Amino acid sequence: MAEGGLSVEFPGSLKSSTLPPPRTRIFKIIVIGDSGVGKTCLTYRFSAGKFPEKTEATIAVDFRERLVEIDGENIKIQLWDTAGQERFRKSMVQHYYRNVHAVVFVYDVTNAASFRSLPAWIEECKQHALGTEVPRILVGNKCDLQDSIQVGTDVAQQFADAHSMPLFETSAKNPNGQGDGSFGGGNSDHVEAIFMTVAHKLKSQKPLVLSQPPVGSGGTINLSRGMNGGGDGARSWGCSSC
Amino acid sequence: MKRLTRKKQSAGGFGVSENGSATREPDCGRKQKLAEIHQALISDPVDIETLRRTAASKGGLLTDELRRKVWPKLLNVNVYDLPHKPGRDVRENHKDYNQVLLDVRRSMKRFPKGMPAAERAVLQEQLIDIILEVLKRNPQLHYYQGYHDVAVTLLLVVGERMAIAMLDTLSNYHLRDFMDPTMDSTKHILNYLMPILEQVDVELHDFMIRAEVGTIFALSWLITWYGHVLSQFKHTLRLYDFFLASHPLMPIYLSATIVLHREREVKQTECDMAMVHHLLSRIPQDLPYELLIAQSQELFSQYPPSLLAKRAALQSRKSLSISTFQVFQLSTLHQRPDSVLQRLTKAQGSTTSRHASRHSGLEVALPRDRGQLWGQGNRMVKMAVWGLSATLGAAVFAVAQTALDWGPDVLQQLF
Ligand SMILES: Nc1nc2c(ncn2[C@@H]2O[C@H](COP(=O)(O)OP(=O)(O)OP(=O)(O)O)[C@@H](O)[C@H]2O)c(=O)[nH]1
Ligand SMILES: [Mg+2]
């Protein structure tokens, strides 16, 4: 199967190699945002544990999944990787908004237009009856391209706050940062941590609690360390600013 | 309830022909077919019926060389009167430019594995140009992600200028419904899928309805003619032979055939939207294409679109691809063979001289700004490819492709 294509992979980093028992809970997460922001790369990284060498345009929707263990419970995370081109939104992707448990909005930090599209994506979600009661997160992708950043952390943070979403800046390509800790989470895979955070949140089913960024700094919400080891889902949703 | 017989594909035999009856000898089959195609090509008018039949029957059009001769006939394209190479302005102020760029830059997998990066880069630039050129000529058409998968298949076989002509015709007929401002017409075409399944296997149909899987799993198959999902180019070519010679709905009949082929797998899957979608959208790479093609044709004649269209769900909307198909087919009936076309075109004042009056040859062959765009790639290769496709036309370009297997050293010897 082609690399950018559909894949169900269970990398060994999490306990996952056996087939799920019949009662495995499923968390269905839809990933949306403009074409080219890196939705396919992010979902591929989470399901396959690496950056795809070649991705292709997503037509309508691709499906990826991964089995994870949270607090001793096996959970299947289904990612619906949608097409960014506008024409697919209305009539085509509709079907896949049904019974969604969480929404991941993605923009490209090197592409201001993709950030400006976010209100339209949020509106799109509302039209599919996915309002603020459904956990939603905002992901700014391609942080590895430090020299071409067009969307600053502060404006993204403001936007995220205004819509009651946590913000994560990351890179599907190099999610461990460049060693300067600017967006990484230590040795763990930051992209994985983001999706796991959503999963923890869903498992705990507690309302979204955000820590306030320090006044004036507009700090990016970062994942608390050690979150990967499981532990309390609600606490890991809480974020620390950097 | 199953009325479609599932025939085992005989390993070497000619298998089932398009009407599901004739079986021919494997060895003389190919030779006979070659002769038949050549005869059809030199008939005056061109024997389009035979070309269609051979394109659909086992093995399709056999070689790329034949494809370059037959494909244009299937679309009523005069290879001696091809559109000009797009100028630099084709990229200016085009609303779809960014999306096309993004999609083509990511389409690496569609190019032959061994192709040097520099050559691929040249072809990718051509791909962008031909897509934008066709869109510019047809303001009523709208780009969709996946259109580039169709365009690249044509480009790789017939070269830039013939690809423009073919893509133009395809876009106005077979692909027309996909190119509306919205995808409502595309959805309408997808709506044919379940009724076909229902005719053949009610159980499978009901299972899929219960799973609420929908038909989006087949969307990329339909709008790219499977180019987006097949990893082996030879399979894509085989299907393009078939679809170029068929009714615009044939890709949906093939989708139905593929689902029916996987009936057991589907029924064994958990009856759940995600699971069934996941199973079906991953197309097996080892499908018995010849068998499936024959079965699709069988399905088509047993349950033609007109019969299915009586169903309520299919009455709400009119398909341009379907309604214009007859006109399109009629237009292909009176084509002159290439030898005659060449003479006629020469008599009128050849395309090359018309071409030259508009551009000075060399400028077209190697636009300076693009030459810089490619950076430090193999300059010679770029020149060779540009030169071939731009000035000598698709025929020579094609020879270089097949005979030289993309080796830059060999290409250099040409110049
Ligand atoms: N440098 C860098 N490039 C990235 C990153 N993520 C994705 N890309 C590149 O951005 C391009 C688009 O990525 P995709 O994942 O295909 O984008 P998409 O959002 O799925 O796009 P559509 O399917 O068209 O909606 C590709 O060329 C990727 O290689 C990243 O974190 N860093
Ligand atoms: Mg994608």
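Residues numbered from 1 in each chain as written. Chains lettered and ligands numbered in written order. Predicted model: local features only at pLDDT ≥ 70, side-chain atom pairs only at ≥ 80, totals over all residues. Heavy atoms only, no water.

The name given to chain B in an unreviewed UniProt entry is TBC1 domain family member 20, and the organism recorded there is Scophthalmus maximus. Turning to chain B, the UniProt annotation filed under Subcellular location (unreviewed entry) states: "Membrane". (UniProt positions renumbered as here; feature names shortened; annotations may be inferred.)

As annotated in an unreviewed UniProt entry, chain A carries the name small monomeric GTPase and comes from Scophthalmus maximus. Taken directly from UniProt, the Subcellular location (unreviewed entry) text for chain A runs: "Endomembrane system".

What follows covers the pairing of strand β6 (residues 136-141) of chain A. Within a regular strand, the side chains alternate between the two sheet faces. Residue and element names in this part refer to chain A. Burial analysis of β6 places six of its six residues in the buried class, the great majority of the element. Of the two faces of β6, the one carrying Arg 136, Leu 138 and Gly 140 and the one carrying Ile 137, Val 139 and Asn 141 are both buried. By the bridge criterion, six bridges tie strand β5 (residues 102-108) to β6 in an arrangement that is parallel. Bridge pairing links Tyr 107 to Gly 140 in β6. Pairing analysis gives three bridges linking β6 to strand β7 (residues 167-169), with the strands arranged parallel. Looking at the pairing, Gly 140 lines up with Glu 169 of β7. (Buried < 20%, exposed > 50% of the residue type's maximum accessible area, 1.4 Å probe, protein only. Helix = DSSP H or I, 4+ residues; strand = E, 2+ residues; numbered from the N terminus. Pairing = 2+ DSSP bridges.)

Here the focus is unusual backbone geometry. With an omega of 0°, the peptide bond between Asp 44 of chain B and Pro 45 of chain B qualifies as cis. Position of Pro 45 of chain B relative to the elements: it lies in the loop between α1 (26-42) and α2 (48-56). One non-glycine residue, Lys 142 of chain A, adopts positive backbone phi at about 75°. Counting through the fold element by element, Lys 142 of chain A comes out in the loop between β6 and α5 (153-162). You will see that Asn 76 of chain B, though not glycine, has its phi angle at about 60°, which is positive. As for its placement among the helices and strands, Asn 76 of chain B is situated in the loop between α3 (64-74) and α4 (97-105).

The next subject is the packing of helix α5 (residues 117-137) of chain B against helix α6 (residues 147-158) of chain B. Residue and element names in this part refer to chain B. The N-to-C vectors of α5 and α6 enclose an angle of 115°; their axes lie 10 Å apart at closest approach. Note that α5 runs across α6; the crossing there is right-handed. Where α5 approaches α6, its residues Leu 123, Gln 126, Leu 127, Ile 130, Ile 131 and Val 134 are matched on the opposing element by Tyr 147, His 148, Ala 151, Val 152, Leu 155 and Leu 156. Per-class residue counts for the contact of α5 with α6 are 10 nonpolar, two polar and no charged. (Axes fitted to C-alpha atoms, helices over the stretch in contact; angles between N-to-C directions. Left-handed = near helix turned anticlockwise from the far one by under 90°. Contact = heavy atoms within 4.5 Å. Nonpolar A, V, L, I, M, F, W, Y, C, P; charged D, E, K, R; others polar.)

All names here are of chain B. For the structure on display, the rule yields 18 aromatic pairs over all chains. Judged by centre distance (5.5 Å) and plane angle (65°), the ring pair of Tyr 144 and Tyr 147 falls under edge-to-face. Residue classification places Tyr 144 among the buried residues on the basis of a relative accessible area of 0%. In this structure an aromatic cluster arises from ring pairing among Trp 71, Phe 217, Trp 221, Trp 225, Tyr 226, Tyr 240, Phe 242 and Phe 243. (Phe/Tyr/Trp six-rings, centres within 6.5 Å; stacked < 30°, edge-to-face > 60°.)

The next thing to look at is the interface of chain A and chain B. Every contact between the two is made by 32 residues of chain A and, on the other side, 41 residues of chain B. Carbon and sulfur atoms make up 58% of the surface buried where chain A meets chain B, a total of about 3100 Å² over both sides. Of all residues in chain A, the largest losses of buried area upon contact with chain B belong to Glu 56, Ile 59 and Arg 87 of chain A, amounting jointly to 24% of the total for that side. The interface formed by chain A and chain B holds three salt bridges in total. (Buried area = accessible area lost by both parts, 1.4 Å probe. Salt bridge = Lys/Arg side-chain N within 4 Å of Asp/Glu carboxyl O.)

Looking now at the pattern of salt bridges. Residues and elements named next belong to chain A. Taken as a whole and assessed by the stated rule, the structure comprises 33 salt bridges over all chains. Here Asp 81 and Arg 64 are joined by a salt bridge, their closest N and O atoms 3.0 Å apart. You can see Asp 81 sitting in strand β4 (residues 73-82) and its partner Arg 64 sitting in strand β3 (residues 61-70), a full 17 residues away along the chain. Take Asp 81: its relative accessible area is 0%, and that puts it in the buried class. The class for Arg 64 is buried, based on a relative accessible area of 0%.

Before going further, it helps to examine the pairing of β5 of chain A. All names here are of chain A. With respect to burial, β5 is a largely interior element, seven of its seven residues being buried. The two faces of β5 match: Ala 102, Val 104, Val 106 and Asp 108 on one face and Val 103, Phe 105 and Tyr 107 on the other face are all buried. The pairing of strand β2 (residues 25-32) with β5 spans four bridges and is classified as parallel. Paired with Ile 29 across the two strands is Ala 102, which belongs to β5.

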